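Structural overview
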Amino acid sequence: MPQLAARTARAKPSAIMQVAEKAKRLKAEGRDIISFSIGVPNFLPGPHVYAAAREALERDSGQYGSNRGSDALLDAFIGHLDRIGLPGYTRAHCASGIGAKHILYTLAEVLLDEGDGFAFATPYWTTYLDIAEIVGADIQLLPCPPEQDYKLTPAQLDAALARKPKVFLFNNPSNPTGMVYTRDEIAALADVLVRHPDTWIITDDIYNRMVFDGIGYHNVVQARPELRERTIFVDSLSKTYGMPGWRVGLLAGPENVAKAFATMNSNHITNVPEVVTAAAVAALSGPQDVPTAKCAEFQARRDVVMAALAEIPGVVCPKPAGAFYVFPDISVAFGKSHGDLRIGNDVDLCNALLETKGVACVPGSAFGEPRALRISYTCPEAQLAPGLARIREFFAELT
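Residues numbered from 1 in each chain as written. Predicted model: local features only at pLDDT ≥ 70, side-chain atom pairs only at ≥ 80, totals over all residues. Heavy atoms only, no water.

Across the sheet, three strands lie side by side as β9-β14-β13; this open sheet has antiparallel pairing. Two strands in the sheet have a free side with no partner beyond their single neighbour: β9 (325-326) and β13 (362-363). Relative to strand β14 (residues 373-376), β9 runs antiparallel, the two sharing two bridges. Bridged to Tyr325 within β14 is Ser376. (Pairing = 2+ DSSP bridges. Helix = DSSP H or I, 4+ residues; strand = E, 2+ residues; numbered from the N terminus.)

Written as structure tokens, this is what we have:
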């Protein structure tokens, strides 16, 4: 019998989706489940987005679109780049895809040959490791523990780039930690990147509109403009606009990268659908009141979650300043028990928390940090406080 390709053995189901599916299954069985697992924003885009989609349906051409993305979508994205402090891009520098995950996977195909070095910090978004393994990259992890606020230091980056990885992937604000790099921290990392000209830089900054505490969003290209020639900025409509199911991802970078990406699209997806494109243009170009309001709401929720975690002895959590996650170090629970359930690691803890309290979180080991767990605090407002109370009760009952 013919065999599957070797790469299929390197592909794994999403650990985040596995937790989310288990929570859904228990809820369907009648359990009272509060999910802090999957990173969906749990709000809908403004009415102008739906109006644009309906209008596009009325005038649907039924034709193929551009492999790169429609001019209207690229122009709307360029306007967004201008507003967040990244001016100077043209349509030739940009391309679109089916969500940021598709953008990142295709960039890996565009930039990496098998065995090429692919460097990124730990904790990481689970998909980074999955993509790197599927394409056969030489994975180079840069551990950033809670003791250094889950942030990469210039010295770490310098040592990593000395190994000459083909690609360095940088995530700011971070999933899973919610950490945000300040202007000075970005500048220090940019200074290091300039000294290592043989490495492509991907900045996965899809939470760039979800930054709290007045820190602001900053990018290495702003700090050192000469990095523009080898930096690819990745964005998405999923989190900012409450549109994860619409699947719109975007990139801006060197012209040769954008052109190669569009060529890959011609073989993979052909184009982002016409109706989805219209909705995306409306989201990027229309009123921004929904994402602005949601950013303020998530900052307030962050404060509620941090206050609850501060009441649990031994749990340590660097304060996130963006996205909608907290990533506490819960290793104080290791070696203890909850009833008959022994807590040996983060997976044990998450399983016990779900079974005994009906609260779903994602084990930190899914993100490369087994001392932690990820809480996504985008659940319905009425579930936030009860869910946090259940977590406090769980820890209080450990023996």
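The terminal C-alpha atoms of helix α4 (residues 71-83) lie 18 Å apart, and with 13 residues this matches the ideal 18 Å at 1.5 Å per residue to within 8%. Buried-residue contacts for α4 involve β2 (94-97), β7 (231-236), β8 (249-252) and α11 (274-285). Just beyond α4, the residue with positive phi is Gly85, at close to 95 degrees. (Expected span 1.5 Å × (residues − 1). Contact = heavy atoms within 4.5 Å.)

One pass over the structure, following the stated rule, counts 18 aromatic pairs. Here the aromatic rings of Phe77 and Phe233 are separated by 6.4 Å at their centres, their planes lie at 20 degrees, and the arrangement is stacked. Taken together, the positions of Phe77 in helix α4 and Phe233 in strand β7 put the pair 156 residues apart, joining distant regions of the chain. Neither Phe77 nor Phe233 differs from the other in exposure class; each is buried. On the basis of an interplanar angle of 85 degrees and a centroid distance of 5.5 Å, the ring pair of Tyr207 and Phe324 is categorised as edge-to-face. Of this pair, Tyr207 sits in the loop between β6 (200-204) and α9 (220-223) while Phe324 sits in the loop between α12 (289-310) and β9; the two residues are 117 residues apart in sequence, bridging distant segments of the chain. Take Tyr207: its relative accessible area is 2%, and that puts it in the buried class. Here a set of aromatic residues connected by ring pairs shows up, and it is made of Phe43, Tyr207, Phe298, Phe324, Tyr325 and Tyr377. Against the face of Tyr181 rests Lys151, its NZ or CZ located 5.5 Å from the ring centre. (Phe/Tyr/Trp six-rings, centres within 6.5 Å; stacked < 30°, edge-to-face > 60°. Buried < 20%, exposed > 50% of the residue type's maximum accessible area, 1.4 Å probe, protein only. Lys NZ or Arg CZ within 6 Å of the ring centre and 35° of its normal.)

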